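Single-letter residue listing:
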Amino acid sequence: MKLDTICVQGTYKPKNGEPRVIPIVQSTTFKYDSSAEMGDLFDLKKSGYFYSRLQNPTCDNVASKIAALEGGVAGMLTSSGQAANFYAVFNIAQAGDHIVSSSAIYGGTFNLFNVTMRKLGIDFTFVSPTATEEELQAAIKPNTKAIFGETISNPSLDILDIETFAKVAHKNGIPLIVDNTFATPINCRVFDFGVDIVTHSTTKYMEGHASTIGGAIVDSGNFDWTQNDKYPGLTTPDDSYHGVVYTDTFGKGAYITKATVQLMRDLGSVQSPNEAFLLNVGLESLHLRIQRHCENAKKVAEYLENHPKIEWVKCSMLPSDSQYALAQKYMPNGTCGVVSFGVKGGRNAATTFMDSLELAAVVTHVADARTCCLHPASTTHRQLTDEQLAECGVTPDLVRFSCGIEAAEDIIADIEQALNKI
Ligand SMILES: *Cc1c(COP(=O)(O)O)cnc(C)c1O
C-alpha cells in the first residue's frame, strides 16, 4: 500500500461486525479465566493483554500504523517524544557506555543527553550533523553503543547526512537512531538510507493539531544485535523475566519487546488510549497536511528571501539554501513547514515583528495545523547571553516560523503587515 493509504486505513482491519474506527479500549486490565493463563502472559510465554502499562489494544493499533508508515517491523508508543528518545537510547546503553550524537538536536533532547543521562553514567560526544566519516570515526570509542541524530533539527533546521552517519555506525557494529519528527515518514524514508531505529515526537506533525503530547519508536528490524557482544541486554538472559534472551525468543521483535516489557514496565511512560485515539485521527490526514505545510513554507521562504527587511532565511526547499542538495537527496518531496529567518534590526526588530502578528500565534509549539512562531532569544533561550546563543546556532534575530495549513496568501499577508510595523 502507498503511504497515503496507510495513513488513512493503516494496519487496523476490523472483522465482521467490529468497529470501523480503532476503538478506545479504556481499560487498565484484561480478564482471563485461569491464573495459569495469566501466569503465561507474565512469563512472556503467550502474548496477550493483561495490563495497559505494558500493552493496550488502542495504543498497539496506532503503534503498528506508525511502524507501517516507517516501513519497520515493530513499533511502540510512549507518553512523549522525550520518553521515546530516552527509551530508544537507554534500551541499548547503560552506565559506562557512550553515545555519539549530532549536536543539532532539539533542546529537550540535548538536556536529556547532556545532563540527565550523564547522571545515569552514560557519556555523550556531540558532532556536527554534516560531520565527515573521519570526524565521526574519531568520536567513536570501544564503549560507543549508538549514533543519534535528527533528520531535520529543531529549531536550527539542519539536515542530517544520514548515509554517512549510517555507514560509520555499521562499520563499528552499532546502530543509527534518528528522530524523524520534523520530516515524518511522509517526507523522509529513513530506513532506506540505513537508519536502524527511528523515534518521533508525535506531538508535532503526526498528531498535528496541538492537542496531545506523545512519542513513538519504530525498529527497522535490520540491525543484527548478535553480531558482537555490545548488547548483552538483548543477547543474554534477562533476570527480571526468568532468563529470557530477547534476540533468541523474539528475533526481529527483540528491541521493541525489551523496550516494552522491561523499560515500559519499570519506567511507565505510557501513552493513554485516549491520546492514541487522537493521534490516529491526526495520522489519517498526515499525508495531506504535510504536503500543504511544505507548500506554505516554501511560499513564505520565497517571499521572505526577497524582502528588504529580512537579513537571512533558512529553508532547505530553496535552491539558494546551503543544504538544498542534501535536502533533495533525503527529502525530495519537501522538508517540513518550519522556516527560520532573521529580521534586520536584531532582537528589538524581531520582537516588534512577533508582537505585530495577528494570524500567527506566538506559542511554545511548532508543527501544527495553525501557523505559529517563536522568538527563541526572548523565550526558550532567554537565559543565554548573545555569545551563548551564537554557540547553539540561535542568533538574537532568529524567528522560528511554523507554517500551518491555512491559505499561504493569508500567512504572507500577516507577515507583511507585521514587517511594516518595524
Ligand atoms: C518536540 C520534540 C521532541 C520532544 O517531544 P515531546 O513530545 O515534546 O516530549 C523531541 N524531538 C523533536 C525533534 C521535537 O521537535
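How each quantity is defined
Residues numbered from 1 in each chain as written. Predicted model: local features only at pLDDT ≥ 70, side-chain atom pairs only at ≥ 80, totals over all residues. Heavy atoms only, no water. UniProt positions renumbered as here; feature names shortened; annotations may be inferred. Core = buried A, V, L, I, M, F, W, Y, C linked by side-chain atoms within 4.5 Å. Buried < 20%, exposed > 50% of the residue type's maximum accessible area, 1.4 Å probe, protein only. Helix = DSSP H or I, 4+ residues; strand = E, 2+ residues; numbered from the N terminus. Domains from an automatic or database assignment. Contact = heavy atoms within 4.5 Å. Buried area = accessible area lost by both parts, 1.4 Å probe. Pairing = 2+ DSSP bridges. Right-handed = clockwise from strand over helix to strand, strands pointing away. Near = heavy atom within 4 Å. Polar contact = N/O pair within 3.5 Å; in protein donor to acceptor, adjacent residues only side chain to side chain. 1 Å grid on protein atoms, 1.4 Å probe; cavity = no way out; pocket = protein on both sides within 12 Å on 5 of 7 lines; lining within 4 Å. Sits in = over half its atoms within 2 Å of the grid points. Nonpolar A, V, L, I, M, F, W, Y, C, P; charged D, E, K, R; others polar. Expected span 1.5 Å × (residues − 1). Bend = angle between axes of the 7 residues up to and from the residue. Points joined across faces, edges and corners; volume = space filled by probe spheres on them.

If you check an unreviewed UniProt entry, the protein chain appears there as O-acetylhomoserine (Thiol)-lyase from Eubacterium coprostanoligenes. Per UniProt, the protein chain has the following entry under Sequence similarities (unreviewed entry): "Belongs to the trans-sulfuration enzymes family." Taken directly from UniProt, the Cofactor (unreviewed entry) text for the protein chain runs: "pyridoxal 5'-phosphate".

1. A word on the nonpolar core
In terms of nonpolar packing, the biggest core is built from 123 residues, with Leu304, Phe341, Phe353 and Phe401 touching the most fellow members. If one sorts the elements of this core by residue count, helix α13 (residues 286-305) sits on top with eight residues. Built from parts of two domains, this core gets at least three residues from each of domain 1 (3-281) and domain 2 (287-419). Those residues in contact with phenylalanine 401, other than ones at most four positions away along the chain, are Val300, Gly337, Val338, Val339, Phe341, Leu357, Ala360, Thr371, Cys372, Cys373, Ile411 and Ile415.

2. Looking at the environment of leucine 112
Secondary-structure assignment places leucine 112 in helix α5 (residues 107-119). When its relative accessible area of 11% is taken as the criterion, leucine 112 is described as buried. Considered as a pair, leucine 112 and serine 340 are 228 residues apart in the sequence and their alpha carbons are 24 Å apart. The contact partners of leucine 112, leaving out residues within four places of it in the chain, are Gln82, Asn85, Phe86 and Met117.

3. Re the domain arrangement of the protein chain
Here the protein chain is partitioned into domain 1 (3-281) and domain 2 (287-419). Each partner contributes to the interface: domain 1 provides 32 residues, whereas domain 2 provides 28 residues. Here domain 1 meets domain 2 over a buried area of about 2600 Å², counting both sides, of which 63% is carbon and sulfur. Of all residues in domain 1, the largest losses of buried area upon contact with domain 2 belong to Ile159, Asn187 and Tyr205, amounting jointly to 29% of the total for that side.

4. Let's talk about the pairing of strand β4 (residues 144-150)
Burial analysis of β4 places seven of its seven residues in the buried class, which makes it a mostly covered element. Bridging between strand β2 (residues 98-102) and β4 involves four bridges; their strand directions are parallel. Within the sheet, the bridge partner assigned to isoleucine 99 lies in β4 and is alanine 146. Judged from the four bridges that link them, β4 and strand β5 (residues 176-179) form a sheet pairing that is parallel. When the bridges of β5 are listed, glycine 149 appears paired with valine 178. A crossover connection joins β4 to the parallel β5 through helix α7 (residues 162-171); in handedness this β-α-β unit is right-handed.

5. Description of the site of the ligand
Neighbouring the ligand are 16 residues; Asn154, Asp179, Ser201, Thr203 and Lys204 lie closest to it. The separation between a nitrogen atom of the ligand and a polar side-chain atom of aspartate 179 is 2.7 Å. Interatomic distance of 2.8 Å between a side-chain N/O atom of serine 201 and an oxygen atom of the ligand. Given that more than half its atoms are within 2 Å of the pocket grid, the ligand belongs to the largest pocket. Looking at the shell around the ligand element by element, the count peaks at three residues for helix α4 (residues 81-90). Split into classes, the residues belonging to the shell around the ligand amount to three nonpolar, ten polar and three charged.

6. Considering helix α11 (residues 254-267)
Along its 14 residues, α11 runs 18 Å from first to last C-alpha, staying within 8% of the 20 Å computed at 1.5 Å per residue. Where α11 bends most, the angle comes to about 25 degrees, and this point is threonine 260. Among the 14 residues in α11, eleven count as buried, and that is most of the element. Looking at α11, one finds that the buried residues are Ala254, Tyr255, Ile256, Thr257, Lys258, Ala259, Thr260, Val261, Gln262, Leu263 and Met264. Tucked inside the fold, the buried residues of α11 contact β1 (74-78), α4, β6 (197-201), β7 (215-219), α9 (232-235) and α10 (246-250). Looking one or two places after α11, you find glycine 268, whose phi comes out positive at around 70 degrees.

7. Remarks on the layout of surface pockets
Of the voids in this model, the largest pocket is the one considered here, and its volume is about 1100 Å³. The wall of the largest pocket is formed by 44 residues, among which Ile105, Tyr106, Gly107, Asn154 and Pro155 lie closest to the centre. The element that contributes the greatest number of residues to the lining of the largest pocket is α5, accounting for five residues. Here the lining of the largest pocket is built from residues that sort into 16 nonpolar, 21 polar and seven charged. Two domains share the lining of the largest pocket, each providing at least three of its residues, namely domain 1 (3-281) and domain 2 (287-419). Roughly 600 Å³ of internal volume is contained in the second largest pocket. As for the second largest pocket, its lining consists of 30 residues, of which Leu54, Gln55, Asp60, Thr260 and Val261 are closest to the centre. For the lining of the second largest pocket, the secondary-structure elements that each account for two or more residues are α3 (57-70), β1 and α11.

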